[in-house]
Amino acid sequence: DAKTTQPPSMDCAEGRAANLPCNHSTISGNEYVYWYRQIHSQGPQYIIHGLKNNETNEMASLIITEDRKSSTLILPHATLRDTAVYYCIVSPANTGNQFYFGTGTSLTVIP
Amino acid sequence: DVKVTQSSRYLVKRTGEKVFLECVQDMDHENMFWYRQDPGLGLRLIYFSYDVKMKEKGDIPEGYSVSREKKERFSLILESASTNQTSMYLCASSSEGIGDTEAFFGQGTRLTVV
């Protein structure tokens, strides 16, 4: 079973920030939060991950609440190429990184 | 450039055929995974492997088997293909680690069983 809850779809105007929420209320203390995205007809692509602290890379920022029960992926200046399905995943604490994907959020960036 | 390569982008097979889906990674990763993706259901884990000759069942292993004879290659086998196995199949790999490594995915194989 997926351990995260995401809205099924969102729209965002081109050039604006896209904020994608994720609930993971049953997350364990040593589980990481990962974000992937999947552009149509391609395999999923890694975006960012974090444990407790907020993280930023060249693609996005990840904000994790203090209680770690939810997080937000921020695409600071969305472009049309960011239109994709975004998956929030909690990685189990045991070895092997079995990524359990849910159905994600379908983000549409509107010109 | 790191790469996970799946042998076919599109396949059409007949019901009852034995089907092999091949996946090769060039990153010397220990872990490899097979998922299937269906509309409205997201990605579901079929099998995974932590090491050569090792395999573990995922959420939906029924009707599938896997083989990992070499570290870089992970094969998904449909012993007797059925129409309900028509799907997009995705292979992934990751390095050994406890919750702190990313997975790299192939481009997927769209299998149609007729």
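See above for the structure.
Thresholds applied
- Residues numbered from 1 in each chain as written.
- Chains lettered and ligands numbered in written order.
- Predicted model: local features only at pLDDT ≥ 70, side-chain atom pairs only at ≥ 80, totals over all residues.
- Heavy atoms only, no water.
- Helix = DSSP H or I, 4+ residues; strand = E, 2+ residues; numbered from the N terminus.
- Rg over C-alpha atoms; globule rule 2.2 N^0.38 Å.
- Buried < 20%, exposed > 50% of the residue type's maximum accessible area, 1.4 Å probe, protein only.
- Contact = heavy atoms within 4.5 Å.
- Areas by Shrake-Rupley, 256 points an atom, 1.4 Å probe, with all protein chains shown as cover.
- Disulfide = S-S within 2.5 Å.
- Salt bridge = Lys/Arg side-chain N within 4 Å of Asp/Glu carboxyl O.
- Phe/Tyr/Trp six-rings, centres within 6.5 Å; stacked < 30°, edge-to-face > 60°.
- Pairing = 2+ DSSP bridges.
- Axes fitted to C-alpha atoms, helices over the stretch in contact; angles between N-to-C directions.
- Polar contact = N/O pair within 3.5 Å; in protein donor to acceptor, adjacent residues only side chain to side chain.

Participant: I would appreciate a short explanation of the overall build of chain B in the present structure.
Facilitator: Check the secondary structure of chain B and you find zero helices and eleven strands. Each helix and strand of chain B, placed in order from N terminus to C terminus, yields the pattern β-β-β-β-β-β-β-β-β-β-β. In terms of overall size, chain B behaves like a compact globule, its C-alpha atoms giving a radius of gyration of 13 Å where 114 residues would be expected to give roughly 13 Å. Taken along its principal axes, the extent of the C-alpha atoms in chain B is 40 × 30 × 25 Å. Buried residues in chain B amount to 49% of all 114 residues. In chain B, the proportion of contacts linking residues at least 24 apart, taken out of those at least 6 apart, comes to 55%. With an accessible surface of roughly 5500 Å², chain B has 48% of that area assigned to carbon and sulfur atoms.

Participant: Hey, could you run me through the state of the cysteines in this one?
Facilitator: Think of a disulfide as a covalent bridge from one cysteine sulfur atom to another cysteine sulfur atom. Residue and element names in this part refer to chain A. With the rule as written, the count across this model stands at two disulfides over all chains. Two residues share a disulfide in this structure: C22 and C88, whose sulfurs sit 2.1 Å from each other. Taking the sign of the S-S torsion, -80 degrees for the link of C22 and C88, the bridge is left-handed. Linking C22 in strand β2 (residues 18-23) with C88 in strand β8 (residues 84-91), this pair joins segments that are 66 residues apart in sequence.

Participant: Where do I start with the pattern of salt bridges in this structure?
Facilitator: Close approach of charged atoms allows side chains with opposite charge to pair. All names here are of chain B. Going through the model one piece at a time under the given rule, you end up with eight salt bridges over all chains. Two residues, E30 and K71, come together in a salt bridge whose shortest N-O distance is 3.8 Å. Here K71 lies in the loop between β7 (64-70) and β8 (73-78) and E30 lies in the loop between β3 (19-25) and β4 (31-38), a separation of 41 residues in the sequence. You can call E30 partly exposed: its relative accessible area is 22%. With its nearest N and O atoms 2.8 Å apart, the salt bridge here joins R44 to D38. R44 gets classed as partly exposed once you look at its relative accessible area, which sits at 24%.

Participant: Please explain the packing of aromatic side chains as it appears in this structure.
Facilitator: A ring pair, where both rings are aromatic, is described by two values, the distance of the centres and the angle of the planes. Scanning the model with the defined rule gives 13 aromatic pairs over all chains in all. Connected via pairs of aromatic rings, a cluster forms that spans Y34(A), Y36(A), Y46(A), Y87(A), F101(A), F33(B), Y35(B), F48(B), Y50(B) and F105(B).

Participant: Sorry if this is basic, but what is going on with the sheet that holds strand β9 (residues 105-110) of chain A here?
Facilitator: Strand pairing in a sheet relies on backbone hydrogen bonds. The paired strands run either parallel or antiparallel. All names here are of chain A. One open sheet holds the five strands; their spatial order is β1-β9-β8-β3-β4, and the pairing between them is mixed. Edge positions in the sheet fall to β1 (9-13) and β4 (45-50), since each of these pairs with one other strand and no more. Between one strand axis and the next, the sheet turns by 25 degrees as a mean value, whatever way the strands run. Of the strand pairs in this sheet, strand β3 (residues 32-38) and β8 are connected by seven bridges, and their pairing is antiparallel. Opposite Y36, over in β8, you have Y87 as the bridge partner.

Participant: Quick question: what am I supposed to make of the environment of N84(B) here?
Facilitator: Residue and element names in this part refer to chain B. By the secondary structure assignment, N84 is in the loop between β8 and β9 (87-94). Sequence separation between N84 and T112 is 28 residues; the distance between their C-alpha atoms is 9.3 Å. Within polar-contact distance, the side chain of N84 engages the side chain of S82 at 2.5 Å.

Participant: What is the right way to look at the sheet that holds β8(B) in this model?
Facilitator: All names here are of chain B. Reading across the sheet, the four strands line up as β1-β3-β8-β7 and stay open at both edges, with antiparallel pairing between neighbours. If you trace the sheet from one side to the other, it starts and ends with β1 (4-6) and β7, each paired once. Each adjacent strand pair in this sheet contributes to an overall mean axis angle of 20 degrees, direction not counted. Relative to β8, β3 is paired through six bridges, and the arrangement is antiparallel. What sits directly across from E22, in β8, is S75.

Participant: Mind showing me how you'd approach the pairing of β4(B) here?
Facilitator: Every regular strand shows the same layout, with side chains that alternate between the two sheet faces. All names here are of chain B. The element β4 is extensively covered by neighbouring structure, given that eight of its eight residues are classed as buried. Of the two faces of β4, the one lined by N31, F33, Y35 and Q37 and the one lined by M32, W34, R36 and D38 are each fully buried. As defined by bridge partners, β4 adjoins β9 across seven bridges and the pair is classed as antiparallel. Among the inter-strand pairings, Y35 is bridged to a residue of β9, identified as L90.

Geometric descriptors of this kind do not, in isolation, establish any biological role.
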